[in-house]
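Listed below, chain by chain, are the residues.
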Amino acid sequence: MQERINHEALVQRGLKALAQHRPDLALGILRSAVDAIPPSCSEELSKALYWLSVALRRLDQKDLAVKSLASAQKLRRRGFARRLYLRSVNEYGMPKQPTAELDDFYAYMSIQMSTYLVRRPTRKFESFSEREAVMRILLDGWKLLKEMDDFKSADCGEKLFSFRAYRPRFPDFGLSASSSRLLRPSFGSRAASGSAQMGAAQASDPRGISRRCACGSGLPYSQCCGRVQSLREI
């Protein structure tokens, strides 16, 4: 009982800080509230996550705000958290961009950069030259991909599947970046490594990505368990 009073008090302190236009102060308080609430208290946890997303949005940390909001609406599938989540995200479950092409571009870059960085021991670039070489290779791949006729007519599920299946080759960064080899994207082709990484049978079929998620949330897989995570989330 005392534990419940403690985390409820933390949420109220966080709301007070938001009302005082102090999202920086509210952020730390609400994070503490989320950590203090046991998973069994789904309604209270959803509420805390929702207000945490509000604090993050006010601090212009949109990627982390969407992550928090995604967790909140999963705990309570009906209500304000889900409505705000659906207004805030695109088909990839990422913050909406001004144009559909930018939605595609950010999804592609997030997937490719995350795939590259999770293999690095420090989960970050070791040098500016490494970052520039990786960015150049990925941008070249994007230019090839977006000009393909099949890509232009594809739906979100087909594009998402293709982004995750595409694996460019990067150089050994002890050598010149010019030694890299860029693979031409193969739109819609299956890649065993891509399917394994997604970790779900639903993701092995491009059409399945656009269907309702198998977790029962009622949302498309691409906006639920298969949503694209930003680099700040890995």
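Note that the structure is a prediction, hence the values are computed from the model and not measured.

## What about helix α9 (residues 156–165)?
At 3.6 residues per turn, the α-helix brings residues three or four places apart onto the same side. Counting buried residues along α9, nine of its ten residues qualify, which places the element largely inside the surrounding structure. Near the N-terminus of α9, the side chain that reaches the backbone nitrogen of G157, with its oxygen 3.2 Å away, is that of D155.

## Notes on the packing of helix α6 (residues 100–117) against α9
Between α6 and α9, whose axes approach to 9 Å, the crossing angle comes to 30°. With respect to α9, the axis of α6 lies roughly parallel. When you trace α6 past α9, the crossing you get is right-handed. Judged by residue contacts, D104, A107, Y108, I111 and Q112 of α6 engage K159, L160, F163 and R164 from α9. The residue inventory of the contact of α6 with α9, partitioned by class, reads five nonpolar, one polar and three charged.

## Some remarks on the state of the cysteines
Here, disulfide denotes a covalent bond that connects the sulfur atoms of two cysteines. This model, assessed by the stated rule, comprises zero disulfides. You can see C213 has no disulfide; the closest cysteine sulfur is in C225, sitting 3.6 Å from it. Residue class for C213 comes out buried when judged on its relative accessible area of 8%. Distance from the sulfur of C224, which forms no disulfide, to the nearest cysteine sulfur (C215) is 3.5 Å.

Conventions we followed
Residues numbered from 1 in each chain as written. Predicted model: local features only at pLDDT ≥ 70, side-chain atom pairs only at ≥ 80, totals over all residues. Heavy atoms only, no water. Buried < 20%, exposed > 50% of the residue type's maximum accessible area, 1.4 Å probe, protein only. Helix = DSSP H or I, 4+ residues; strand = E, 2+ residues; numbered from the N terminus. Polar contact = N/O pair within 3.5 Å; in protein donor to acceptor, adjacent residues only side chain to side chain. Axes fitted to C-alpha atoms, helices over the stretch in contact; angles between N-to-C directions. Parallel < 35°, antiparallel > 145°, perpendicular 65-115°, else oblique. Left-handed = near helix turned anticlockwise from the far one by under 90°. Contact = heavy atoms within 4.5 Å. Nonpolar A, V, L, I, M, F, W, Y, C, P; charged D, E, K, R; others polar. Disulfide = S-S within 2.5 Å.

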